[in-house]
Amino acid sequence: MFIGINEVDWASMEHAYGSAEDVPMLLRGLLSELPDERERALDGMYGAVHHQGDVYDSTLACIPFLFDVVGQAGLPDRGSVVELLASIGGTDLEDEDFPDDPDADRPDNYVMARAAVRAGAEVFFGLTEDADPEVRRAAAHAVVRFADGPARVFTVLHRRVEREADDSVKTALIEALGCFARLHPASPLPAVDLLHDLYGTLTDPGLRLAALGQLAGRAPERLPKDLVPTVVALLRERSEWHAPPGRTTARRPTRSSAGSGGCVRRTRRAPGCCARCTPRSAAAPPSGSPC
């Protein structure tokens, strides 16, 4: 595991708080059997190595080792590492824009990070079938944003959404289909048609709302003519599905959400706003640091 990690000159690299010599400790912490150690390591990765979305030379050096982590079947919390890889690869691009050249006017480190994640994106295909629903949910987004071959990506999403039993993962797949339609505007019809079919055939009102939300941004002409009463009815029905037993005619509870936004992505936070901005495993920020 982590072949070559000791040959990397980490001390010559930097992260948000100076020398990156502590990065191997953070990477190894992601493999810990202890949940608290894994969380501290992930905090350190976001707090120092990928601080507020920045990409340092140490961030680039981490990418192959992060792929090693997500490839360890059965390891807990790999979904969070898939999200970290996707963030390093550039999912901070505005979903509303999707520029023709996502690397235009970006610093070299960011361009290289995107290229490195794309080079390893074959892994994401396999992760869409992982036993861990958190991994499947993160992989649905990553495969759309970084994998080559739109036809293959769509086929994987289509197959997965039909077989997926976890509603939270199915919501992510629906959002990924919307993402796919926006990334490939020249041929979005299969994705739009599938979203329309999902709206018409799914029974969970939250999932139907998710499909409607994606249609609204990709193909508003495919929305129901009585959109407002339809949405109100689905919202009311969804509240009944999630109501505590005894308060109403409760149906099978789900963990789905309306999902009316674009692609799932980790939200950047303002300095000092959360634990991600205060790395507990990395070096303490220097005096006067915004975090």
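Shown above is the structure to which this text applies.
Residues numbered from 1 in each chain as written. Predicted model: local features only at pLDDT ≥ 70, side-chain atom pairs only at ≥ 80, totals over all residues. Heavy atoms only, no water.

### Some points on the packing of helix H3 (residues 57-70) against helix H4 (residues 78-89)
Quick note on the threshold: Axis angles are defined between N-to-C directions and span 0 to 180 degrees, where every axis is a line fitted to C-alpha atoms and, for a helix, only to the segment in contact. Only DSSP runs of H or I with at least four residues qualify as helices, and only runs of E with at least two residues qualify as strands; both kinds are numbered from the N terminus onward. Here roughly perpendicular refers to angles of 65 to 115 degrees, roughly parallel to angles under 35, roughly antiparallel to angles over 145, and oblique to all remaining angles. Throughout, a crossing is termed right-handed when the near helix is turned clockwise from the far one, and left-handed when it is turned anticlockwise from it by less than a right angle. In this analysis, two residues are considered to be in contact whenever any of their non-hydrogen atoms come within 4.5 Å of each other. Gly falls in the polar group here, along with every residue not listed as nonpolar (Ala, Val, Leu, Ile, Met, Phe, Trp, Tyr, Cys, Pro) or charged (Asp, Glu, Lys, Arg).
H4 packs onto H3 with a crossing angle of 150° between their chain directions and a minimal axis gap of 10 Å. On the basis of the axis angle, H3 is roughly antiparallel to H4. With respect to the hand of their crossing, H3 and H4 are arranged in left-handed fashion. On H4, the residues touching Thr59, Ile63, Leu66, Phe67, Val69 and Val70 of H3 are Arg78, Val81, Val82, Leu84, Leu85 and Ile88. Its residues assigned to classes, the contact of H3 with H4 shows 10 nonpolar, 1 polar and 1 charged.

### Regarding the pattern of salt bridges
For clarity, the cut-off: Salt-bridge detection follows one rule: a side-chain nitrogen of Lys or Arg within 4 Å of a carboxyl oxygen of Asp or Glu. Partly exposed residues are those whose accessible area sits between 20% and 50% of the maximum for their type, while under 20% is buried and over 50% is exposed, using a 1.4 Å probe and protein chains only.
Per the counting criterion, the structure on display carries 11 salt bridges. Residue aspartate 148 pairs with arginine 118 through a salt bridge whose shortest N-O separation is 2.5 Å. Taken together, the positions of aspartate 148 in the loop between helix H7 (133-146) and helix H8 (150-163) and arginine 118 in helix H5 (residues 108-119) put the pair 30 residues apart, joining distant regions of the chain. The exposed category is assigned to aspartate 148, whose relative accessible area is 54%. Among the ionic pairs, glutamate 122 bridges to arginine 152, the shortest N-O distance being 2.8 Å. You can see glutamate 122 sitting in helix H6 (residues 122-127) and its partner arginine 152 sitting in helix H8, a full 30 residues away along the chain. Glutamate 122 sits in the partly exposed class, given a relative accessible area of 48%. Taking the relative accessible area as the measure of exposure, arginine 152 reaches 40% and is therefore partly exposed.

### Here we look at the packing of aromatic side chains
Stated formally: Pairing of aromatic rings covers Phe, Tyr and the six-membered ring of Trp, with a centre-to-centre limit of 6.5 Å; geometry is then stacked below 30 degrees between planes, edge-to-face above 60, and tilted otherwise. A ring is considered to have a charge above it if a Lys NZ or an Arg CZ atom is located within 6 Å of its centre and within 35 degrees of its normal.
What the rule picks out here adds up to 5 aromatic pairs. Taken together, a centroid distance of 5.8 Å and an interplanar angle of 40° make the contact between phenylalanine 67 and phenylalanine 124 tilted. Pair noted here: phenylalanine 67 is in helix H3 and phenylalanine 124 is in helix H6, with a separation of 57 residues, a long-range link. For the residue pair phenylalanine 67 and phenylalanine 124, the accessibility class agrees, reading buried in each case. Chaining the aromatic ring pairs together yields one cluster made of Phe2, Trp10 and Phe65. The aromatic ring of phenylalanine 125 is capped on one face by arginine 152, whose charged end is 3.7 Å from the ring centroid.

### So, the environment of glutamate 237
Mapping glutamate 237 onto the fold places it in helix H12 (residues 227-242). Taking the C-alpha atoms as reference, glutamate 237 lies 8.6 Å from glycine 206; in sequence the two are 31 residues apart.

### Let's talk about the nonpolar core
The nonpolar side chains of soluble globular proteins are, as a tendency, buried together. Let me state the cut-off plainly: Nonpolar cores were defined as sets of buried Ala, Val, Leu, Ile, Met, Phe, Trp, Tyr and Cys residues, with membership established by side-chain atoms within 4.5 Å.
Of all hydrophobic cores here, the largest spans 76 residues; its most connected members are Trp10, Leu27, Leu30, Met45, Leu66, Phe124 and Leu157. In terms of residue count, H3 provides more of this core than any other element does, 9 residues in total. Beyond its immediate chain neighbours, meaning those up to four positions away, phenylalanine 124 contacts Phe67, Val82, Val117, Ala139, Ala142, Val143 and Phe146.

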